[in-house]
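# Descriptive analysis of the structure
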Amino acid sequence: FANGAITGAFAQLYNAEGFSLKAARLFHNAQANMVADQMHEAGYEVLSRGGTAVRAGNTYRYYDIIVRVGDGTIVGVEVKTAWSDLLNPRGSQVDADVWVSKNGGEAVGQEYKVSRVAYAGIDGPTGTKASWAASALQAKLFAAGIPTIKWGEKGLADEPWLGPRR
């Protein structure tokens, strides 16, 4: 529209109560880097951070972090950050994660194959305590043996979700 009313309305929605897509992306990236740093400090070999493409059948899955655990297994880690009180995986991500967990996925441009997947959930920037949404998607992850942990509730030493350290 010439008067910009629609554009202004969408901008108001995305900026309401301090929310903006840019702020959400910046927060997510900072938290994913924090998780990768803590994994490295705990003895896991961080192979990639920042969105490495992995083949998942006829599509690609981008993982925030890829680590090698002590037994040599390569794990794709999806970091979910909350802006509200729920951590919600996306359907297309879950489908790709189940495929990778069952079949393994070649990391594009790398010489390794991701054979396991894990999710790390992080509370929102406003201090909101988030929890995993009980949903059919969560049940699909559980059925495929894909762990979803709440980062920070347990230390890495107490949480065997990734596997042995190097």
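Reference entry: report on the structure contained in this document. All values derive from a computational prediction rather than experimental measurement.

Cut-off values and rules
Residues numbered from 1 in each chain as written. Predicted model: local features only at pLDDT ≥ 70, side-chain atom pairs only at ≥ 80, totals over all residues. Heavy atoms only, no water. Helix = DSSP H or I, 4+ residues; strand = E, 2+ residues; numbered from the N terminus. Buried < 20%, exposed > 50% of the residue type's maximum accessible area, 1.4 Å probe, protein only. Contact = heavy atoms within 4.5 Å. Areas by Shrake-Rupley, 256 points an atom, 1.4 Å probe, with all protein chains shown as cover. Core = buried A, V, L, I, M, F, W, Y, C linked by side-chain atoms within 4.5 Å. Pairing = 2+ DSSP bridges. Salt bridge = Lys/Arg side-chain N within 4 Å of Asp/Glu carboxyl O.

To continue, consider the overall build of the protein chain. Helix and strand counts for the protein chain stand at four helices and nine strands. In the protein chain, the succession of helices and strands from N to C terminus is α-α-β-β-β-β-α-β-β-β-β-α-β. Classification of the 166 residues of the protein chain by burial places 40% in the buried group. Partitioning the contacts of the protein chain with sequence separation of at least 6, the portion at a separation of at least 24 is 65%. Surface exposure of the protein chain reaches about 9100 Å², of which carbon and sulfur atoms provide 52%.

General note: in soluble globular proteins, nonpolar side chains tend to be found buried as a group. In this structure, Val54, Ile66, Val100 and Tyr119 are the most contacted members of the largest nonpolar core, which totals 20 residues. At the level of elements, strand E1 (45–56), strand E2 (59–68), helix H3 (91–103) and strand E7 (116–122) are the ones that each hand at least two residues to this core. No other element matches H3, which puts four residues into this core. Ranked by size, the runner-up nonpolar core spans 18 residues in total, among them Ala32, Val35, Val75 and Ile122.

Next up on the list: the environment of tryptophan 99. Among the structural elements, tryptophan 99 can be located in helix H3. In this structure tryptophan 99 comes out as partly exposed when scored by relative accessible area, which is 34%. Here the alpha-carbon distance between tryptophan 99 and serine 115, two residues 16 residues apart in the chain, equals 9.7 Å. Beyond its immediate chain neighbours, meaning those up to four positions away, tryptophan 99 contacts Arg55, Ala56, Gly57 and Gly104.

Turning our eyes to something else, we now look at the pairing of strand E3 (residues 74–81). Successive side chains on a regular strand alternate, one facing one side of the sheet and the next facing the other. The element E3 is largely enclosed, with a buried count of seven among its eight residues. In this sheet, E3 lies alongside E2 in antiparallel orientation, the contact comprising four bridges. Counted as the bridge partner of arginine 68 is isoleucine 74 from E3. The pairing of E3 with E7 spans seven bridges and is parallel. Paired with glycine 76 across the two strands is valine 117, which belongs to E7.

Here the structure, examined in full by the defined rule, presents six salt bridges. We note a salt bridge from glutamate 45 to arginine 68, for which the minimum N-O separation is 3.0 Å. Within this pair, whereas glutamate 45 is found in strand E1, its partner arginine 68 is found in strand E2, the two being separated by 23 residues in sequence. The residue lysine 80 makes a salt bridge to glutamate 78 at a minimum N-O spacing of 3.5 Å. For lysine 80, a relative accessible area of 9% corresponds to the buried category. The exposure class of glutamate 78 is buried, given its relative accessible area of 5%. Three or more residues joined by partner-sharing salt bridges are found here, namely Arg61, Glu78, Lys80 and Asp97.

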